[in-house]
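# A structural walkthrough
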Protein chains: 2
Amino acid sequence: MIDNTNIEILDTTLRDGAQGEGIVFSVRDKLGVTEALDELGVAWIEAGNPGSNPKDLEFFRTASSLGLKNAKLCAFGSTRKKGLKTADDNQLRSLLDAGTEGVVIFGKSWDMHVREVLRVDLEENIAMIAETVAFLKNEGRLVIYDAEHFFDGFAANPAYALSSVKAAADAGADRIVLCDTNGGTFPDAVITGVKAVQNSDGRKILGIHAHNDSGLAVANSIAAVQSGCVHVQGTLVGFGERCGNTALAALIPNLELKMALRCLPEGNLARISELTRRVAEIANVTISDDMPYVGAHAFSHKAGMHADGILKVQRSFEHIDPKAVGNGRHFLVSEVGGRSAIAEMAKKVEPTITKDHPVTAALAVKLKNLEADGWAFEGADASFEILVRRELGRHKPLFRIVAYRVMSEHPSGDTLACSHAWVKVFVEDQAGAHQYEIAAAEGEGPVNALDCALRRALTRFYPDLAKVRLEDYKVRVIDGKEATAARVRVLIESTDGRRSWNTVGVSADIIEASRAALVDSIEYKLLSDMELVSSG
Amino acid sequence: MIDNTNIEILDTTLRDGAQGEGIVFSVRDKLGVTEALDELGVAWIEAGNPGSNPKDLEFFRTASSLGLKNAKLCAFGSTRKKGLKTADDNQLRSLLDAGTEGVVIFGKSWDMHVREVLRVDLEENIAMIAETVAFLKNEGRLVIYDAEHFFDGFAANPAYALSSVKAAADAGADRIVLCDTNGGTFPDAVITGVKAVQNSDGRKILGIHAHNDSGLAVANSIAAVQSGCVHVQGTLVGFGERCGNTALAALIPNLELKMALRCLPEGNLARISELTRRVAEIANVTISDDMPYVGAHAFSHKAGMHADGILKVQRSFEHIDPKAVGNGRHFLVSEVGGRSAIAEMAKKVEPTITKDHPVTAALAVKLKNLEADGWAFEGADASFEILVRRELGRHKPLFRIVAYRVMSEHPSGDTLACSHAWVKVFVEDQAGAHQYEIAAAEGEGPVNALDCALRRALTRFYPDLAKVRLEDYKVRVIDGKEATAARVRVLIESTDGRRSWNTVGVSADIIEASRAALVDSIEYKLLSDMELVSSG
């Protein structure tokens, strides 16, 4: 019997994920991803292909000492080479050398692939599958059999596709995983394929491995689970070959929250946003802000009507509680937003502020004027909090830029970079004593030079600023019609290693716009260290 | 009868898309998006909410002069205010003032929303729906009725949800669109909901509006179409409130290539990659590389095995032919359409260039390297033509910047603007005589100061430059992670009153990037006056 209350998750970030364009993992990166996935609590981590990549073998040697709490490792490889005995196949030998509890073997189920890509006859392919699985079972491994191109094969030649899967099952495979390798299959075809395998032999523990080339990987995995699959493969962030694999960060919340299935140890779902970001960080990919469940904007509400609705009834515009996946709600302060959203944000500074508080009304007017000038606070919570403090009359700047000069010259002289800047700041300490400081810096372009000089001047007074670095820098020309005299909006994301915050600046002068966003960023860091604003 | 071979597409990039975090459209942006969508050939463009946003009304006034070939415009609004007569409702008045052929009206179908968010009784909500639809029909509009939260409402109180839809249909609504407003519905529930509406009244032309909060927007739209919906709403790129709307760039190829349904005029599907990128460029959002069908990596093959398979049999690892959607197998921009596309562009400079010309091969290599450094010539034809001239050994620069210096200082002195620049140029005339010129200018920000100084220096030699002005200026940070030291790409659109042309520059220094794009822009103008390049 198939147990339908628990779904076994196999994460292949380190194997199929590593086939995504631009993804390159060092051994150290792989160990970091493994630890994150183990903390999350997936059942299996498919960690590499030791037969095709020597770096992977090094990883498996090191990984055995990690002491994983939840996950088991598996190595990935193919059926034996045509015409070779399993015992003589070096690739299979490497798989055993990896020393993992599980081994994933992929084999061909599409007759066209057998004939034209593998170039063996249909019977030899069946023998390759059966002998490989039997060999690994005999060596005491748990064998997960990936039926590559199963759905395409089933559409082309159903009897052959089913016979390839039966060969693996009869040889003792512990899991039979139906793969939509090219990602072109629709959910209705997935259901048909899964049912056909079930009808041909009900004993198997079935799994699904979907790709996102049609934008349907999550839907296909759900359709397979609804049809009885209990093993699901994917990558946490979703990256992988071409359009990527099933994004487990979207799939797991769907299965746990909407279908009451258990994929992770109890309590761990609330860590999925954090751990998905950590894996993305290691892979050096950006999680798109609108990624389901875990994206930065997944629970952002911009339309005033939506913000107002949420405050009346939470589920009115939210399909789940963001806390369930460790994400947070976010109201965008914008021209389409309303006073409810403004008050909700302002509460972070002063909890007594309501929709009808006079400060809310004053802020609404101020925002409208600022937005007409091109400001946008929806991506700049930290600047908004400083604005609220100002409106409440509580803001005393912690420093002031007295003057600065930024120069760009081409060609550069022999002794100075093309861009350089100096800044003079005025700082008044708690006791009222004040001091001036001047600092200079060179940079990659004028904005970077100003940034470096300003930090250098202030670090003498606020040594903690040394920990702050900028994570992202965005420039938007607000009305291109004015061309090089157009106003620009600069958005900066900063971090001190513990948390991130966003600030904004607007001016016709990109240096002035950057200056405003940089000053807000530094002030926010200092204020939140003093616990005068929220902690990001 | 519902005609199931053609699917009516409504794109709401300019309305629901504009509710995405970080999306801010100027009126000019909106006109650009409208033209792109019309070129693609969607049936309807939902272009704004004139009742809640005065900027939208300005757009509708301008848009009526666009002369759209394929698409019709519609304005979006809500049912009448509670307790008000339709004729006295200003919001409905604004909808009519927009002067569009179609009007989209959303109304409540979830009883909880009616009671707790709208705070009216259930009967009044029905009256609001019926009267609003009847009022607009009476004014001669085609009415598309969006049943907000239909699936959540149907799950909570099926009879009420169906009665709300019936009210709209009985009042004459031309389309009934079932919305998964919160994005939490699964495909099986979509099918159940669509069938229930069909069973309660088979006459309606049904549509679907899905959100991607569960990663299922494309799947839900397909399930709805498979159940008989013939109208689909979404946004081309997929952005929108929270996790976005159904990405039409993924959905339309699924419907046309996999289900043999017609969504666009014949031949237009092959332009969907290009036009999706254009809309993303206007919205200043990045299309994720792994986006189905249109992403840069959608047909990239990293695993050696896959590449090998593809060379043997194309469909072995590709679910469709990338050309069908105007994408390419490796897709660095240079290879979008492969060498044929490069040759096609190069012909503007030298008509004898073919796909097999050595210059085409040399350009392909050059483009690949430039693109790896962040250059993009898709939006910069004029820079590309200058590149071709250089590759042909025919480019002799008409001027050279010997040196420049740009300064920004705050506060400014009494006698000089905050930003000022000087530029020294070298110009060699047709007869070989050469001259230097130096000029200075103040500006709104450093880039504008440089731009003004450069034009001033050159106008002495090329008086026609006085007619040139910049129409648009865009900045894109290429890798935000490097923060203020990140590389930026500057795109400039220039005009001399008769035609427009686009140029590009890339550098870690925004002033250098702007300088490169400005120099190309001026050279292109001078060359085309001399009829050495195409005339834009």
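Keep in mind it's a predicted model, so treat the numbers as computed, not measured. All residue numbers here refer to positions counted from 1 along the written sequence of the relevant chain. In the order they appear in the text, chains get letters beginning with A and ligands get numbers beginning with 1. At least 70 in pLDDT is required for a residue's local features to be given in this predicted model, at least 80 for side-chain atom pairs to be given and counted, and no such filter applies to totals for whole chains, interfaces and linings, which use all residues. Computation of side-chain values: all heavy atoms of the structure, hydrogens and water removed.

## Some thoughts on the pairing of strand 1 (residues 8-11) of chain B
All names here are of chain B.
- The buried label goes to any residue with under 20% of its type's maximum accessible area, the exposed label to any with over 50%, and the partly exposed label to all in between, with areas taken from a 1.4 Å probe on protein chains only. The helix count covers DSSP runs of H or I at least four residues long, the strand count covers runs of E at least two residues long, and both are numbered beginning at the N terminus. Alternating positions in strand 1 separate into two faces, Glu8 and Leu10 on one and Ile9 and Asp11 on the other, with burial throughout.
- DSSP calls a pair of strands paired once it identifies at least 2 bridges connecting them. For strand 1 and strand 8 (residues 231-234), the ladder comprises four bridges, and the chain directions are parallel. In the strand pairing of strand 8, Glu8 is matched with His231.
- Direction of pairing for strand 1 relative to strand 2 (residues 44-46): parallel, over a ladder of two bridges. Each bridged residue has a counterpart across the sheet, and for Asp11 the counterpart in strand 2 is Ile45.
- Think of it like this: strands point away, you trace from the first strand over the helix to the second, and a clockwise trace means the crossover is right-handed. Handedness of the strand 1-helix 1 (residues 27-40)-strand 2 crossover: right-handed.

## Notes on unusual backbone geometry
- The residue after A:His410, namely A:Pro411, is reached through a cis peptide bond having omega -5°.
- For A:Pro411, the location among the structural elements is in the loop between strand 11 (399-410) and strand 12 (419-428).
- Positioned with a positive phi, A:Arg119 is a non-glycine residue whose angle comes to about 60°.
- With respect to the helices, strands and loops of the structure, A:Arg119 is situated in the loop between helix 4 (111-118) and helix 5 (122-138).
- Here the phi dihedral of B:Tyr293 falls at roughly 70°; this positive angle occurs in a residue that is not glycine.
- Assignment of secondary structure puts B:Tyr293 in the loop between helix 11 (272-283) and helix 12 (304-312).
- We classify B:Tyr293 as buried; its relative accessible area is 0%.

## Structural notes on the sheet that holds strand 3 (residues 72-78) of chain A
Residue and element names in this part refer to chain A.
- Spatial ordering of the closed barrel is given by 1-2-3-4-5-6-7-8, a layout of eight strands whose pairing is parallel. Across the sheet, the mean angle separating the axes of adjacent strands is 25° when strand polarity is ignored.
- In the packing of helix 5 onto the sheet, contacts are made with strand 3, strand 4 (102-108) and strand 5 (142-148), and the angle to strand 5 comes to roughly 160°.
- Residues are treated as being in contact if the distance between any of their heavy atoms lies within 4.5 Å. Lines fitted to C-alpha atoms define the axes here, with helix axes fitted over just the stretch in contact, and angles between the N-to-C directions of these axes take values from 0 to 180 degrees. Running over the sheet, helix 7 (residues 158-170) touches strand 4, strand 5 and strand 6 (175-180) and is turned about 155° from strand 6.

## A word on the sheet that holds strand 14 (residues 500-507) of chain B
All names here are of chain B.
- Taken in spatial order, the three strands line up as 12-13-14 in an open sheet, and their pairing is antiparallel. Strand pairing shows two members of the sheet lacking a second neighbour, strand 12 (469-477) and strand 14, which therefore form its edges. Averaged over all pairs of adjacent strands, the angle between their axes in this sheet comes to 15°, without regard to strand direction.

## Structural notes on the packing of helix 12 (residues 304-312) of chain A against helix 13 (residues 339-346) of chain A
All names here are of chain A.
- Two elements in contact, helix 12 and helix 13, have axes whose closest approach is 7 Å; the angle formed by their N-to-C orientations is 60°. Across the interface between the two elements, Ala307, Asp308 and Leu311 from helix 12 touch Ser340, Ala341 and Glu344 from helix 13.
- Residue composition of the contact of helix 12 with helix 13, grouped by class: three nonpolar, one polar and two charged. Polar here means any residue outside two lists: the nonpolar Ala, Val, Leu, Ile, Met, Phe, Trp, Tyr, Cys and Pro, and the charged Asp, Glu, Lys and Arg; Gly therefore counts as polar.

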